[in-house]
Amino acid sequence: MIAVIGGGIIGLSIARSLRARGAEVTVYDPEPDGTGGAWHVAAGMLAPGRESAFEHPRLESLLEASLALWPEFAAGLGDVGYDTTGTLGVALTADDHVEAAREWRHQKLQPLTGSQVRDREPALSPRIRAGVHAPHEVQADPRRVVAALRRALAGRIVARRITDLGEVAADTVVVAAGCGTAALTGLPIRPVKGQVLRLRGEPGLLRHVIDGSADGRHVYLVPRADGEIVVGATQEERGDSAATAGGVHDLLRAALDLVPGLAEHTLTEITVGHRPGTPDNGPLLGRLDARTVVAAGHHRNGILLAPITARLVADLVLTGSDDPFLDDFAPGRNGCA
Ligand SMILES: Cc1cc2nc3c(=O)[nH]c(=O)nc-3n(C[C@H](O)[C@H](O)[C@H](O)COP(=O)(O)OP(=O)(O)OC[C@H]3O[C@@H](n4cnc5c(N)ncnc54)[C@H](O)[C@@H]3O)c2cc1C
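As a starting point, this report considers the structure included with it. (Residues numbered from 1 in each chain as written. Predicted model: local features only at pLDDT ≥ 70, side-chain atom pairs only at ≥ 80, totals over all residues.)

Take the pairing of strand β1 (residues 2-5) next. It is a general feature of regular strands that their side chains alternate between the two faces of the sheet. The alternating pattern of β1 places Ile2 and Val4 on one face and Ala3 and Ile5 on the opposite face, and all of these are buried. With helix α1 (residues 9-20) bridging β1 and the parallel strand β2 (residues 25-29), this β-α-β connection has right-handed handedness. Relative to strand β9 (residues 172-175), β1 runs parallel, the two sharing four bridges. From the neighbouring strand, Val4 faces β9, where its bridge partner is Val174. (Buried ≥ 20, exposed ≤ 12 C-beta atoms within 10 Å, placed from the backbone. Helix = DSSP H or I, 4+ residues; strand = E, 2+ residues; numbered from the N terminus. Right-handed = clockwise from strand over helix to strand, strands pointing away. Pairing = 2+ DSSP bridges.)

This is the structure:
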């Protein structure tokens, strides 16, 4: 009998993999139908590279390995908004361009002029100076992913907050409780606050994910097929849940600078979530003791990392497999004990 603590995207993905391989699994979450996890706020960009490339040295490889598993993962869940149109990176000013160019060079992306990016996405502002197309970066809707995982695990999710792992009756306990993992295990996982907006208008204003900077303000715009556009996100080293005037202003200002037509959209949601960050911002994956396994600390990439986390943890629990990634992301590594 295996208990998974946490019914967010990571815990549910692991539980589904374990079940698919014949294991008896129970998931514990205080809100089995709720919206409490970071997944509910997340945009669902599946984008390896970016800042992650400059953090944990093996994180980019892990992200790329997980991206390769996404087509099969999405196909197994039904329609979860998996969309391969790709991302346009854009820079509004010369200073924004200098800043973005470092990351674009690292990702070996071909530079485009402002008019070339507007040929691909006519709703972009004519003031945009430069851009790139990242065809390998895709998106999925985390809310639809979690709904599909919940359906796949119907009857296996128990409404209960775990406060002490000793109270759980199971041979193996997998702790996948996002930011809640710190209190259960003592591992150094911190909340990194993110404010996100959702706008709604006529479908079709944008086709690509837009990832851009406008006068030093970074923003991404993730269009869904039904006309919703997710606008994110602030990144704040704090754990409160307040939506702030400054946070909302910065996101809207940058969004409207890049795509002026968004001014006509309706602002439908302001949400705040917490990325589970670690000292080197790589996830913590592996055994804590003979009975306990951890899968947490996925920071800003937990949606992207769900398929590989599920595979690595299911292998570890069921076969004892020691995939090299588990050495790289071991919970006891330097600074992460
Ligand atoms: C603003 C923002 C934008 C993001 N954008 C992206 C993105 O575009 N792409 C991407 O890949 N990632 C993104 N992320 C990151 C991603 O959302 C997280 O990495 C991911 O949700 C982590 O998954 P998780 O299941 O570990 O934690 P969560 O999704 O937070 O779920 C944790 C679950 O554990 C439960 N829990 C907590 N404590 C307990 C307990 N004691 N007992 C039982 N259950 C418990 C909670 O109720 C919750 O359901 C974003 C995050 C934020 C905040």
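Back to the write-up after that little detour.
Let us look at the packing of α1 against helix α8 (residues 306-319). Taken N-terminus to C-terminus, the directions of α1 and α8 make an angle of 50 degrees; their axes are 8 Å apart at the nearest point. Here α1 is positioned oblique relative to α8, judged by the angle of their axes. As α1 runs across α8, the sense of the crossing is right-handed. Listed contacts from α8 to Ile9, Ile10, Ser13, Ile14, Arg16, Ser17 and Leu18 of α1 are Ala306, Pro307, Thr309, Ala310, Arg311, Val313, Ala314 and Val317. (Axes fitted to C-alpha atoms, helices over the stretch in contact; angles between N-to-C directions. Parallel < 35°, antiparallel > 145°, perpendicular 65-115°, else oblique. Left-handed = near helix turned anticlockwise from the far one by under 90°. Contact = placed C-beta atoms within 7 Å.)

Another aspect to go through is the packing of helix α2 (residues 59-75) against α8. Taken N-terminus to C-terminus, the directions of α2 and α8 make an angle of 95 degrees; their axes are 7 Å apart at the nearest point. Taken as axis vectors, α2 and α8 run roughly perpendicular relative to one another. Contact residues: Leu62, Ala65, Ser66, Leu69, Trp70 and Phe73 in α2; Pro307, Ile308 and Arg311 in α8. For the contact of α2 with α8, a count of residues per class yields seven nonpolar, one polar and one charged. (Nonpolar A, V, L, I, M, F, W, Y, C, P; charged D, E, K, R; others polar.)

Moving on: the nonpolar core. Ile5, Ile14, Val174, Leu221, Leu258 and Val313 are the most contacted members of the largest nonpolar core, which totals 100 residues. In terms of residue count, α8 provides more of this core than any other element does, eight residues in total. Filtering out sequence-adjacent residues up to four positions away, Leu258 remains in contact with Val90, Leu92, Leu124, Ser125, Ile128, Ile210, Gly212, Ala214 and Val219. (Core = buried A, V, L, I, M, F, W, Y, C linked by C-beta atoms within 7 Å.)

Close to the ligand lie 43 residues; Gly8, Gly178, Gly180, Gly194 and Gly302 are nearest. Elements represented by at least two residues in the shell around the ligand include exactly α1, β2, β10 (190-200) and β14 (266-277). Ranked by residue count, the leading element in the shell around the ligand is β14, at four residues. Taken together, the residues of the shell around the ligand break down into 21 nonpolar, 17 polar and five charged. Shared between two domains, the shell around the ligand holds at least three residues of each, these being domain 1 (2-79 + 140-189 + 278-328) and domain 2 (87-135 + 191-277). (Near = placed C-beta within 6 Å. Domains from an automatic or database assignment.)

End to end, helix α3 (residues 94-106) covers 19 Å across 13 residues, agreeing with the expected 18 Å (1.5 Å per residue, within 8%). Taking the largest bend as the criterion, α3 deviates by roughly 35 degrees, centred on Ala100. Listed as buried for α3 are Asp96, Ala100 and Trp104. In this structure, the buried residues of α3 make contact with β4 (87-91), β5 (111-113), β6 (130-134) and β11 (209-214). (Expected span 1.5 Å × (residues − 1). Bend = angle between axes of the 7 residues up to and from the residue.)

Spatially, β8-β2-β1-β9-β16-β15 is the arrangement adopted by the six strands of the open sheet, whose pairing is mixed. The outermost strands of the open sheet, each flanked by one partner alone, are β8 (157-159) and β15 (284-287). Averaged over all adjacent pairs, the angle separating strand axes in this sheet is 20 degrees, with direction ignored. Bridge count for β2 against β8 is three bridges, and the pairing is parallel. Bridge pairing links Val27 to Ile157 in β8. Across the sheet, α8 is in contact with β1, β9, β15 and β16 (292-296); its angle to β16 comes to roughly 175 degrees.

Within the sequence span of helix α5 (residues 142-152), burial applies to Pro142, Val145, Val146 and Leu149. Each buried residue of α5 lies within a common arc of 95 degrees when the element is viewed along its axis, so the set occupies one face. Against the buried residues of α5 lie α1. (Arc of directions from axis to C-beta.)

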